[in-house]
Amino acid sequence: MGAGASAAVAAGGGTDPLVADADGKAAAMDWWRDAACAHEDPELFFPVAVTGAALRDQQARAKAICRRCPVIHPCLTWALQATGAQGVWGGTCEEERRGLLRGRAQGESALGVTGSA
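Keep in mind that what you see is a predicted model, and the values were worked out from it rather than measured.

## Considerations on the nonpolar core
Here comes step 1: Trp31, Phe45, Trp78 and Trp89 are the most contacted members of the largest nonpolar core, which has 21 residues in total.
Here comes step 2: For this core, the secondary-structure elements that each account for two or more residues are helix H2 (52-67) and helix H3 (72-81).

See below:
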């Protein structure tokens, strides 16, 4: 989802948004410039409603843009690595990403993996 990143660009005046990685270092989201959402209304990707048909409709419209995006995979990877990423990123909502992360953690636990290398 690059639309939220567009706000970061506007605020920072740069060409590529920067985010803090796991070590707190700034990391360029250079994939963002090719995102299908880069020229969309950022509010579409950050629903105000928290439940119900309005939320589902807005998420569905945002995800439709994600499905045609050439950088959906790096966007989703970023969202899974970012702590507390809100809104629709990489074609997923927050709840879906939490499920993906739970599944990943359960798989690592079953394999005896205790952390990343």
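That covers the picture; the talk isn't over yet.
## Here's the deal with the environment of Gly90
Here comes step 1: With respect to the helices and strands, Gly90 occurs in the loop between H3 and helix H4 (94-110).
Here comes step 2: For Gly90, a relative accessible area of 7% corresponds to the buried category.

## Considerations on the confidence of the model for the chain
Here comes step 1: Across the chain, pLDDT averages 78, with 68% of residues at or above 70.
Here comes step 2: The spread of mean pLDDT over the elements of the chain runs between helix H1 (residues 3-12), the lowest at 38, and H2, the highest at 96.
Here comes step 3: Across residues 2-16, confidence stays below pLDDT 50; counting only partners more than four residues off in sequence or on other chains, it has 26 contacts.

## Examining the packing of aromatic side chains
Here comes step 1: If you walk through the whole model with that rule in mind, you get 1 aromatic pair.
Here comes step 2: Seen in terms of ring centroids, Trp78 and Trp89 are 4.5 Å apart; in terms of plane orientation they differ by 40°. Their pairing is tilted. Residue Trp78 is located in helix H3, and its partner Trp89 is located in the loop between H3 and H4; the two are separated by 11 residues in the primary sequence.

## Describing the pattern of salt bridges
Here comes step 1: On inspection of all chains with the given rule, the structure shows 3 salt bridges.
Here comes step 2: The residue Glu40 makes a salt bridge to Arg68 at a minimum N-O spacing of 3.3 Å. With Glu40 in the loop between strand S2 (26-28) and H2 and Arg68 in the loop between H2 and H3, the pair connects residues that are 28 residues apart, well separated along the chain.
Here comes step 3: Looking at Glu40, the relative accessible area reads 29%, which means it is partly exposed.
Here comes step 4: Asp57 serves as the salt-bridge partner of Arg61, at 3.3 Å between the closest nitrogen and oxygen. Here the residue Arg61 and the residue Asp57 both occupy positions in helix H2, the gap between them amounting to 4 residues, near one helical turn.

Quick notes on the rules
Residues numbered from 1 in each chain as written. Predicted model: local features only at pLDDT ≥ 70, side-chain atom pairs only at ≥ 80, totals over all residues. Heavy atoms only, no water. Core = buried A, V, L, I, M, F, W, Y, C linked by side-chain atoms within 4.5 Å. Buried < 20%, exposed > 50% of the residue type's maximum accessible area, 1.4 Å probe, protein only. Helix = DSSP H or I, 4+ residues; strand = E, 2+ residues; numbered from the N terminus. pLDDT = per-residue confidence, 0-100. Contact = heavy atoms within 4.5 Å. Phe/Tyr/Trp six-rings, centres within 6.5 Å; stacked < 30°, edge-to-face > 60°. Salt bridge = Lys/Arg side-chain N within 4 Å of Asp/Glu carboxyl O.

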